[in-house]
Amino acid sequence: MLNLGLATFASLHHYATVDEARSVSAGLAHWDAGAFALANNAPPFARLVAALPVLSLRPNRIKSSDVLEGTFADEADLKAARDFAYTNSLSYDHLIRVARLPTLLWWVAGAWLITRWAGELYGSGAARLALVLWAFGPNILAREALATPDLPAAVACLAAGYAFSRWRSKSSWSRTAVTGALLGVAMLTEYSALSLPLAWLLLCLVRCPDQEMGGRTAGCWGQAAQAVFGLFICLWVINVGYGFTGTGIPLGKLRFTSRVFGGSKANDPSATIADAGPVRNRFEGSWFGGFPLPVPVDYIRGMDRRCSDAESCFQTIEADASRATDRGRITVALLLAKVPIAAWILIFWGGALSIRRGFPADERAVWIQAAVMIAPALILSSDLFPLASMLLAAPFTIVGMSGLARYLGRGTPKATALIVTLLVGIFASGLSAYPHLLSYLNEAVSGADRLTLAASHPYFDAGRDLLELKSWLGRHQEASPIGLACQYVNDPRALGIEYTHIPTGPGPAPPNDPWYFERLGPRPGYYALDLYNLTLPRFHYFKDFQPAFVIGDSIRIYHITPEDADRARLKVGLANTRDLLELKSWLGRHHEALPIGLACQYVNDPRALGIEYTHIPTGPGPVPPNDPWYFERLGPRPGYYALDLYNLTLPRFHYFKDFQPAFVIGDSICIYHITSEDADRARLKAGLAPLATRPGRRGIANRSGFLNRVYRGPDGSVTNYTIFVPHDYTGEISYPLILLLHGYGDRGTDGDQYLKVGLAPAIARRENDFDFFAIFPQGHTGGWAPDGDDTQHTMEILAQVEAEYRVDPRRIYLTGISSGGAGVWPIAARYPDRWAAIVPVASAECDPALATAIKSIPCWCFHNYFDVSKPPAIPRQMIEALRREGGKPRYTEFYVLTGDRHNAWDSAYNTNELYDWLAEQRKPELHLMGTDGR
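Treat the numbers as computed from the prediction; the structure is a model and nothing was measured.

Let us look at the confidence of the model for the chain. This prediction gives the chain a mean pLDDT of 80; 81% of its residues lie at or above 70. Per-element averaging of pLDDT across the chain places strand β2 (residues 216-217) at the bottom with 42 and strand β18 (residues 837-841) at the top with 95. Contacts for the low-pLDDT stretch residues 314-325, under 50 throughout, to residues beyond four places or in other chains number 10 contacts. Segment residues 623-632 is flagged for pLDDT under 50; beyond a separation of four residues in sequence, or across chains, it makes 24 contacts in the model.

Right, let's get into the environment of Ala837. The residue Ala837 is located in strand β18 in this model. For Ala837, a relative accessible area of 0% translates into the label buried. Sequence separation between Ala837 and Thr815 is 22 residues, and the spatial gap between their C-alpha atoms is 8.6 Å.

As paired strands, strand β13 (residues 705-712) and strand β14 (residues 718-725) are joined by eight bridges and run antiparallel to one another. Residue Val710 lies in a different strand from β14, and its bridge partner there is Asn720. Once β13 ends, the chain turns through five residues before running back antiparallel as β14, passing Gly716 with a positive phi of about 90°.

Attention now moves to the side chain of His30. By secondary structure assignment, the location of His30 is in helix α2 (residues 18-33). Leaving out residues up to four positions away in the same chain, His30 has contacts with Ala35, Phe36, Leu38, Pro44, Arg47 and Leu48.

Time to look at the sheet that holds strand β12 (residues 669-674). Strand order in the open sheet made by the five strands is β9-β8-β10-β12-β11, with mixed pairing throughout. Taken across any chain shown, the strands that pair with only one partner, and hence form the sheet edges, are β9 (613-614) and β11 (663-665). Pairing analysis gives six bridges linking strand β10 (residues 639-644) to β12, with the strands arranged antiparallel. Pairing of Ala642 across the sheet is with Ile671, part of β12.

With that settled, consider α2. The end-to-end C-alpha distance of α2 is 22 Å, a good match for the 22 Å that 16 residues give at a rise of 1.5 Å each. Counting buried positions over the 16 residues of α2 gives 13, a clear majority of the element. Positioned one or two residues after α2, Gly34 has a phi angle of 65°, which is positive.

Let's shift gears to the sheet that holds strand β3 (residues 482-485). Here five strands make up an open sheet; going across it, the order is β4-β3-β5-β7-β6 and the pairing mixed. Only two strands of the sheet have a single neighbouring strand rather than two, namely β4 (499-500) and β6 (549-551).

Rules and cut-offs
- Residues numbered from 1 in each chain as written.
- Predicted model: local features only at pLDDT ≥ 70, side-chain atom pairs only at ≥ 80, totals over all residues.
- Heavy atoms only, no water.
- pLDDT = per-residue confidence, 0-100.
- Helix = DSSP H or I, 4+ residues; strand = E, 2+ residues; numbered from the N terminus.
- Contact = heavy atoms within 4.5 Å.
- Buried < 20%, exposed > 50% of the residue type's maximum accessible area, 1.4 Å probe, protein only.
- Pairing = 2+ DSSP bridges.
- Expected span 1.5 Å × (residues − 1).

In structure tokens:
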């Protein structure tokens, strides 16, 4: 009863983990549609059982067809989980707790099996000892409070192992059937149960079991016949679990993503859940490829996904031998640290006792099955196996340890005292971490090693401490909105947690990290990070701070003061507030330097301090081709420039090494004054034309910023439009251009509503540094049919702007929101040679048949996952169509629950990486076009 009470309290205390959210939503999809592709990195039986009590409450269901076809496996799991969380937002926490109830029944079944097996081997005292170990083992107790497959898999494997032990002691056809059926259940619960037949084979090679058959002892042929019968029963149970879907399909007709099943060229990152994409089959064309599968096709696909996940883990370390060594070391250390020290003593003591007794056959069956269960973790050193393997081995090990009960008696007082002390130690060790037992580590782990091993915990156990974080924020209003970096399924805003983005650190970050180009931290504020995010390169700078609070066992809260931020920024050469204030004072004495060119990683926008600044032109090299700044205009140019020490190390500003700083501000900022003569000398040195000989303007207006215009067509029609002209534009070089198509509600012939949403407000926030032209035409109808008048007038406006300004014809981009996003697709298909890239946002509709015409145009599509009026299924089908045609579109879904859920444009156009990505896109060839855009 104490165990059940502890497990119930822990269940009420924790929010849904990522794995629980995946399991419950997938289990419901299994029952509703008979579809087993979701969460198929583990078999479905435990999920089916967990979903049963949830079904009785009649929750709002998800449509599995919306997330299965053509969707990446991990993405589909999370989308289904988020769909379920969103559609049941008011009762979600209650539904997850109900789904946890069957796990308690699994624990009870495990307790009965353990006590029965231990009692048969060693007597009633051993049964009681085994029950205590099963009830208070911290890892057992942790999984008992979750709706995940871990504990059910351990119990199912224990049941199969116990049945085999009974068959081995006295075989019969009935015991064979029971063993085969329970093995089938175990394999329906965890793929690692495939290790059990290997353990049984080893045991049978040591000694053939006795068999009653007509009063005679049968030979190994009889035992082999029973084994075949047991295998048939096992396969039948597996097929029943999947509804016999896909059984008998030739192995060579499947497509796989792992190298185990697909061959050395498999594991393609574009492989999807459906049988689509460039995936392979190593058996195709071979004699084995014609072999009909004796198990459902989804079972094999799930094994393939498990292997693919493991291979992805290996690929990240195989190029770095030292990291591979670290992974193996961490795997072993994690296995050792997850078990209490007192339990290790009992394990070695129990094993030694069995060996001393001559390793009897019944005891040998227990220890060998435990060893085979743990072997995958030790051999593969993979993120996928340590915790699962340890839990599968735990019940067998507990049965083996229960043999120590022979020392619990009056004849061995010292041994009895030691065993009782060790049992108390196990209970106290677990109680010290309760209720946060998921990340339990024993007493031997401390300091940095504890954080390293805790961070190695699988990400899918994350999210459990969000309820406690909400409670903490309720007591600390000054921390809200908090900067949050945590793995979760349901948006924390649904819990009432208001959060913001955490600024990234100065490195080291790989160039292909999508966060790499954002503004750098540290910055003042409150920040909450889980252990997984603390290991990411972009948040490494938090190692310089101590957490102010610890939430549960997975979240650390940091309070960074302005002084702390400045000290940390100074350490890595970033501008700090003190130096920016000194720069402001210097500019007050040197008005000739205003507005100054500024390249500083800052805490707050210097304009808030009264510092007016402009963009610093990039230099001629060396700059890698994939640098998004590579295509910007080249320096040097005359003027005053202020750079912090970090920016001076960037390749695009290497040309400042040819100049001496005129002033030094504080500890981090250098000011350069480049005269026209200095600039020309440096330009000649780099092979650039002197400024005096560069082409002049092309008849531009001497105005910049947002300029309101009116276009009068040949037919007398009038179209209002606004053009944004970069503030640094002089006509000397060409600039890229973005053309925006507004939504239906912004149509009309007057007013400026079309400038109040989407791209224009985003430009206004960065106006002085925005290096794109932008055109905002106001359509009359709100629709953007490629043959419509609004589209024709827009293309004529674009041609007129190109004639007036120096626009780079190789870098013209088309974007739109809502109905404008829907118009992006057909307009891009009508004029495919016109656009260097397209950016549909909150697209109201799409036609996948257009994918062939636009597959070669770089595309980044944005949508809100919780958009009800225009659900994300609309752009998803277009993105999948593009991928099938060989295109490589980018697709981003935001998880915004507040405000207008159709609004994805605020998040999209305020994504800094979008403009860096656009700057990289340019057409490989120029095409001459008429004024109509054709």
